[in-house]
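Here is what each chain is made of, one letter per residue.
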Amino acid sequence: MKAAIIHEFGGPEVLRYEDVPDPQPRKDQLLVRVRACAMNHLDLWVRKGLPGVKLPHILGSDIAGEIVEAGEYVTGFRPGQRVLLAPMHFCHHCEQCVAGRQNLCREFTVLGNGVDGGNCELIAVPAVNVIPIPDHLGFTEAASVPLVFLTAYHMLTGRAAVRPGQTVLVLGANSGVGIAAIQLAKLYGATVIATAGDDRKTQLAKQLGADHVINHYQQKIGDEARKLTGRLGVDIVVEHVGAATWNESMKALKPGGTLVTCGATSGPEATFDLRFLFARQLALLGSYMGTMGELHDVLKLVFAGKLKPVVDKTFPLREVRTAHEYLEQSKMFGKVVLIP
Ligand SMILES: [Zn+2]
């Protein structure tokens, strides 16, 4: 089969589109023909080099496609069935996995990170990863869902426990997590303040349901969030930008507020005054992906049309380098999807 593969870490030039052996599914796995694989910032981090990534390596976390064949031990699926894949790998038998907290498993990793991903034509995965999709959902849209909607769902419900009437500040409205978090926070009855970098992204954020949008290049996020809340501050901040916005995000919180973070796109180092943390009784929460149960929950909302994936642009898989360059420029609003 064809695959976008890296033999070394580095810039987009290390991505190669070449022939690799077809995967051989185990008896407990399904073989899936990849019809679409959405990109995430994680692809850029993995390409540049992350601990635990073995070379050569196939990138790509968010996969939708069709079942080719099911292994001998797998029941309940048929060839040709349209599916998406849970973008994660876990051990299935440790105490965290059997309790349904797969993202706390010691073996937990994201497809395309610790294990090979879906920037290829065929992938073999355990049956637990394979989730049928409704006919009305296209492969490109389906691939745009799993990682970011699961991440935003776990952040807002599993970690920050959002409640109706609260105010949620969502950083980076144009990012996959931002797009999912705006819609989810609205669905849970919150008022949403989003941040965006230009007028076009501001308009798109409002179309998704954001009540207010702050231009994070022209305005101070903390000051604006306080103005918009009558000097109170927000209940929850959904962070994934990291170093560039961390202090403003903390300043935006009301006393007793919660900052939940799943990323550090602009850099991993943050410093703050500990007195600010304890005197204002803030909660800082880490969040990583989510559980299989949460994935099924959030997919029900997507399949019912209550949450909508947003696709910015598709590229043929053979143009994976151009797609990486495009993602690195952050011009997108929504997902960038590779089509094998
Ligand atoms: Zn486990």
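Just so we're clear, the structure is a prediction, and the values are computed from it rather than from any experiment.

(A) The arrangement of the overall build of the protein chain in detail. Broken down by element type, the protein chain carries eleven helices and 18 strands. For 340 residues, the compact-globule estimate of 2.2 N^0.38 gives 20 Å, and the C-alpha radius of gyration of the protein chain, at 20 Å, lies within 12% of that figure. Its C-alpha atoms give the protein chain principal-axis dimensions of roughly 60 × 40 × 35 Å. Counting across all 340 residues of the protein chain, residues that qualify as buried make up 54%. Entry remark: accessible area of the protein chain is about 14700 Å², with carbon and sulfur atoms responsible for 51%. The average position of the 35 basic charges and that of the 33 acidic charges among the side chains of the protein chain differ by 6 Å.

(B) The arrangement of the nonpolar core in detail. Counting residues in hydrophobic clusters, the biggest one holds 79 residues, and the most contacted among them are M88, L156, V168, I182, V238 and L295. Per-element accounting of this core gives the leading share, eight residues, to helix α4 (residues 146–159). Those residues within four positions of L156 in sequence are excluded, and the remaining contacts are A161, V162, V168, A181, L184, A185, I236 and V238.

(C) Highlighting the packing of α4 against helix α10 (residues 292–303). Axis separation between α4 and α10 bottoms out at 9 Å; the angle between their running directions is 110°. The angle between α4 and α10 falls in the class roughly perpendicular. Within the contact between the two elements, α4 uses P146, F149, L150, Y153, H154, T157 and G158 and α10 uses E294, L295, D297, V298, L301 and V302. When the residues that make up the contact of α4 with α10 are grouped by side-chain class, the tally is eight nonpolar, three polar and two charged.

Conventions and cut-offs
- Residues numbered from 1 in each chain as written.
- Predicted model: local features only at pLDDT ≥ 70, side-chain atom pairs only at ≥ 80, totals over all residues.
- Heavy atoms only, no water.
- Helix = DSSP H or I, 4+ residues; strand = E, 2+ residues; numbered from the N terminus.
- Rg over C-alpha atoms; globule rule 2.2 N^0.38 Å.
- Buried < 20%, exposed > 50% of the residue type's maximum accessible area, 1.4 Å probe, protein only.
- Areas by Shrake-Rupley, 256 points an atom, 1.4 Å probe, with all protein chains shown as cover.
- Lys, Arg positive; Asp, Glu negative; His and termini not counted.
- Charge placed at Lys NZ, Arg CZ, Asp CG, Glu CD.
- Core = buried A, V, L, I, M, F, W, Y, C linked by side-chain atoms within 4.5 Å.
- Contact = heavy atoms within 4.5 Å.
- Axes fitted to C-alpha atoms, helices over the stretch in contact; angles between N-to-C directions.
- Parallel < 35°, antiparallel > 145°, perpendicular 65-115°, else oblique.
- Nonpolar A, V, L, I, M, F, W, Y, C, P; charged D, E, K, R; others polar.

Such coordinate-based values are descriptive only and should not be taken to indicate function.
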